[in-house]
Amino acid sequence: MIMVDFSSVKRSPLSLFFEGAKDTFPLVVGAIPFGIIFGTLAETVGLSFSGTMGMSLFVFAGASQFVSLSLLASGTIWPMIVLTTFVVNLRHMLYSATMVPFYKNLAPLWKMVLAFGLTDETFAVAVRCYNKEDGVQGKHYYNLGSMVFMYLNWNLCTFIGLTAGKAFPEITRWGLDFAMPATFIGIVIPYLISKPMWASVITAGTVSILACGLPHKMGLMLAAIAGVMVGVMCEKLFPENQERG
């Protein structure tokens, strides 16, 4: 019998690129209404067409973009907007720390491109691919495929919201914004494999609900800090509980 060592099978960059895009498709679907709603709402708070597209092109962070809109609508000064969006994006520091072992041998340009596109969805898809012990080389092309698909989708949906959104003035009341929280739940649940992780998520969720009325979205920061603290304490106090929960 001839044994085939699949771990040595070479994959072309193009095939990895399209596989990354394919695996990201379910998460892209969840982001579509979110992007359209962002484009529809942006001009109502005073952002110009170019300013709105500029946010999606150069910021490319859905949660932060929506937080910015709500702060602009309330007349918040720009330093507070910058600080608040910075806090909202602090979770990306955790993503970056996780990706360091996979990115460390890449060229600087690759690191900059992949870091820019490290959204929640792309992180969830890419880290699962990187962690597979299948011997496949060049997984950064898979990562790139996921990132490019998410990026094009987000900007296209922003454009659709800006242009066609006016034809649906009541779109924000359709309940489509539930798609993104549902997507986040789908991203998080598969990674809850230990009791500290569950404790962290439950704590963060509870605090975010209790503190949702705080100004400038400070409840998000408190929830993130509380979740991280509880997770770390659980790992230190109950190391034996780090098995699958």
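Remember, predicted model here, so these are calculated numbers, not experimental data.

Colleague: Sorry if this is basic, but what is going on with the overall build of the protein chain here?
Modeller: For the protein chain, the count of helices and strands is 11 helices and zero strands. Ordered by position from the N terminus, the helices and strands of the protein chain form the series α-α-α-α-α-α-α-α-α-α-α. Expressed as a percentage of the 245 residues in the protein chain, the buried residues total 38%. In the protein chain, 76% of the contacts between residues at least 6 apart in sequence involve partners at least 24 apart. Accessible surface for the protein chain amounts to roughly 14,200 Å². Of this, 73% is attributable to carbon and sulfur atoms.

Colleague: How should the environment of Lys10 be read in this particular structure?
Modeller: Positionally, Lys10 belongs in the segment before helix H1 (13-42). Judged by its relative accessible area of 80%, Lys10 falls in the exposed class. Considering only alpha carbons, one finds Lys10 and Gly135, 125 residues apart in sequence, at a separation of 8.8 Å.

Colleague: Whenever I open this one, the pattern of salt bridges confuses me. Can you help?
Modeller: Should their charged atoms come close, side chains of opposite charge can pair. A full pass over the atoms with the stated rule returns three salt bridges. For Lys22, the salt bridge is made with Asp23, and the minimal N-O distance between the two is 3.1 Å. The exposure class of Lys22 is exposed, given its relative accessible area of 54%. Here Asp134 makes a salt bridge to Lys139, at a shortest N to O gap of 2.9 Å.

Colleague: What should I look at first to understand the side chain of Asn143 in this one?
Modeller: When you line up the elements, Asn143 lands in helix H8 (residues 139-163). Overall, Asn143 belongs to the buried group, its relative accessible area being 1%.

Procedures and definitions
- Residues numbered from 1 in each chain as written.
- Predicted model: local features only at pLDDT ≥ 70, side-chain atom pairs only at ≥ 80, totals over all residues.
- Heavy atoms only, no water.
- Helix = DSSP H or I, 4+ residues; strand = E, 2+ residues; numbered from the N terminus.
- Buried < 20%, exposed > 50% of the residue type's maximum accessible area, 1.4 Å probe, protein only.
- Contact = heavy atoms within 4.5 Å.
- Areas by Shrake-Rupley, 256 points an atom, 1.4 Å probe, with all protein chains shown as cover.
- Salt bridge = Lys/Arg side-chain N within 4 Å of Asp/Glu carboxyl O.

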